[in-house]
Amino acid sequence: MLQAAATLLRVAEGDAAPPPAGGRGGITLERPPRADFGDYSTNAALLLAPRLSASPREVAERLGAQLAGDLGASLQRFEVAGPGFLNLFLADGWLRTALGGVLAAGDAYGAGGREPGERVMVEFVSANPTGPMHVGHARNAAYGDALARMLEFAGERVEREYYVNDAGSQVRTFGESIRALARGERAPENGYQGDYIADLAARIADAATSDPADVGRAAVAMMVGEIQRSLTAFGVKEFDYWAYESALHEGQPSLVDRALARLAELGHTYMQDGALWLRSTTFGDDKDRVLVRSSGEFTYLASDVAYHEEKRERGFDRLVDVWGADHHGYVLRLKAVYAALGGDPDDLELLIMQLVHLVRSGERAQMSKRAGEFVTLDDLVSEIGVDAARWYLLARSHDTTVDLDLDLARSQSAENPVYYVQYAHARILSVLAKAGEDRASAAGEDPAGVADQELHPSERALIKQLLDFPVELASATARRAPHRIAAYALELAQGFTAFYRDCRVVGAESEAIESQRIALCVASRRTIARCLDLLGVSAPEHM
RNA sequence: GCCCCCGUAGCUCAACUGGAUAGAGCACCGGCCUUCUAAGCCGGGGGUUGCUGGUUCGAGUCCAGCCGGGGGCACCA
């Protein structure tokens, strides 16, 4: 029916030609803000009226009459409201049939049917292996993981990747800091501090006598192990590939050598003041960038050139990098690099996570890695648990800074909305258990045939919410916005709870109604579980 | 100085890329467990969407300029 309506509206739009100027403000068919505005609403008449030189309300009337003819019994009635909105009220029968469709889709409900789907790489976390992960990385991890799950469910072929910055001077400095502690000395200036440095010093054999670079390498290997363990404990799905920066520098010629040679061939580099520069301004950067310092050392950017050249060569249709806010100044630069290498900058998505601010007793606290004072991912998990932590970090847009008050988070963790959603899930299972295995598994086999009795408003509302899921999910995925899934899941849980309050399931007025309601429970449970799974939050059977 | 993000209820955040009376969760006040899970339900108070203009049928959303917060502007990683 929606297809029919949408098609009709598009046809109407075409008839009204010319196509909308400026491409702004298209015709929509959407859920109106209030139930008494109907089940669906369209602004078509408002937009078409000027071109048809008729009043919006008049156009809406004509459109409504036409739809009524096309949709027949599915449409109960229509109303023209406000300046010219056309509000559609659907018949119960249509909603029952639609619910049958939801059930028939099973666990795949809402999944994208992309065939074969884009090859998408999502690179995320990529925290430096010179220290434990803090809450900022936790946010990045939760976000990247959820985004990857969403893309997978949409039908894309997703690969998850972690880039390990194990080259450059920082590893040496890292090693020096550890060696100093192993020798009972103070860490060097600008060195690393914190209890974990002492731990590493104790765990690495010969840390006191070995070359700092070797100590650093050994420590990086240990840290990567720790990071993997922390991420797994945080519910992050396994990465498909761990890309090591150091590998880009290995071999003769190395990948870095080859990437820079390629840029040179394309004429995008030049020498100045003894350094090799990338003419990134050609591709929209603010200024040109150094690739090889006059000392002969590569810059960090040189590694990224090689890394993204390698990504390009691996044949992905789309590259997604999830970065922390402290890297946002890097966006133009890397886009320029990608364009210089011959890639389409639109295929490279650089998503910036805003910062997580720690708050203690109402004031912002500094998280200093140097001083060894930070709340780690592990701390967060042990304080409030994986589910509450992931929900807290994912329920907000990645584009907004979040304040994290650990004391508050701890004291309020019992009030976290995530438990409300989980509770609804557990409650549904409890109802289904009461209904019995047979009834539950038979649900939806012929929901259209049952009960001509009018649907309760809570039933109608819940069915409509379930029908919204594919649209909500597609929108959330397209906008890289997992927080929309969280918002939807909470609303759906509220919708189910209202239904549960108003409508007796086991022991309903008739067996037909009971069957229909069991079906509604099954569909609700699956959809809630799907949302939670996309967010990496558990869907418990009992609470 | 230049670039990017943000400013919405006491607090934390939404608002389907321009739609109808700006919504949730916490917190606060009052009520509800003989009935499928009370981690729940019902009711209530709470707003000039930072400010000023502009664009139009219509602006939290788009444009300009201010104010405030954060981040970034290396031959560091």
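All values reported here derive from a predicted model rather than from experimental measurement. (Residues numbered from 1 in each chain as written. Chains lettered and ligands numbered in written order. Predicted model: local features only at pLDDT ≥ 70, side-chain atom pairs only at ≥ 80, totals over all residues. Heavy atoms only, no water.)

Looking at the protein's contact with RNA strand B
Then, in step 1: Close to RNA strand B lie 67 residues, the nearest being R34, R293, R396, Y423 and S430.
Then, in step 2: Here R504 contributes a side-chain N or O atom positioned 3.1 Å from a sugar or linking oxygen of RNA strand B.
Then, in step 3: Between RNA strand B and E541, the relevant distance is 3.4 Å, taken from a base oxygen to a main-chain nitrogen or oxygen of the residue.
Then, in step 4: Those elements that provide at least two residues to the surface near RNA strand B are β4 (85–90), α6 (169–182), β15 (402–405), α16 (417–435) and α19 (482–502).
Then, in step 5: For the surface near RNA strand B, the leading source of residues is α16, giving eight residues. (Near = heavy atom within 4 Å. Polar contact = N/O pair within 3.5 Å; in protein donor to acceptor, adjacent residues only side chain to side chain. Helix = DSSP H or I, 4+ residues; strand = E, 2+ residues; numbered from the N terminus.)

As for the environment of T477
Then, in step 1: Mapped onto the fold, T477 is located in helix α18 (residues 457–478).
Then, in step 2: Counting along the chain gives 326 residues from T477 to L151, while the straight-line C-alpha distance between them is 6.6 Å.
Then, in step 3: Beyond its immediate stretch of four places on either side in the chain, T477 contacts M150, L151 and A154. (Contact = heavy atoms within 4.5 Å.)

Observations regarding the sheet that holds strand β10 (residues 289–292)
Then, in step 1: Spatial ordering of the open sheet is given by β8-β9-β10, a layout of three strands whose pairing is antiparallel. For this open sheet the edge positions go to β8 (269–272) and β10, each flanked by a neighbour on one side alone. Along the sheet, successive strands turn relative to each other by an average axial angle of 45°, direction set aside.
Then, in step 2: Where strand β9 (residues 275–278) meets β10, three bridges bridge the pair, whose relative direction is antiparallel. Among the inter-strand pairings, W277 is bridged to a residue of β10, identified as V290.
Then, in step 3: Sheet contacts for helix α10 (residues 255–265): β8, β9 and β10; angle to β10, the most-contacted strand, approximately 130°. (Pairing = 2+ DSSP bridges. Axes fitted to C-alpha atoms, helices over the stretch in contact; angles between N-to-C directions.)

With respect to the side chain of E310
Then, in step 1: One can find E310 in helix α11 (residues 300–313).
Then, in step 2: Classification of E310 by relative accessible area gives buried; the value is 15%.
Then, in step 3: Discounting residues that sit within four places of it in the chain, E310 has contacts with Y241 and L248. (Buried < 20%, exposed > 50% of the residue type's maximum accessible area, 1.4 Å probe, protein only.)

Points about the nonpolar core
Then, in step 1: Core analysis: the biggest nonpolar cluster contains 122 residues, and F174, I178 and L231 have the highest contact counts within it.
Then, in step 2: F174 has contacts with P129, T130, Y192, Y196, I197, L200, G216, A219, V220 and M223, leaving out every residue within four places of it along the chain.
Then, in step 3: Core analysis: the next-biggest nonpolar cluster, separate from the first, contains 30 residues, Y163, L248, V305 and V337 among them. (Core = buried A, V, L, I, M, F, W, Y, C linked by side-chain atoms within 4.5 Å.)

As for unusual backbone geometry
Then, in step 1: Cis geometry is found at the peptide bond from Q252 to P253, where omega equals -5°.
Then, in step 2: Relative to the elements of secondary structure, P253 occurs in the loop between α9 (245–248) and α10.
Then, in step 3: One non-glycine residue, S126, lies in the positive phi region at around 45°.
Then, in step 4: Here S126 shows up in the loop between β5 (119–123) and α5 (135–153).

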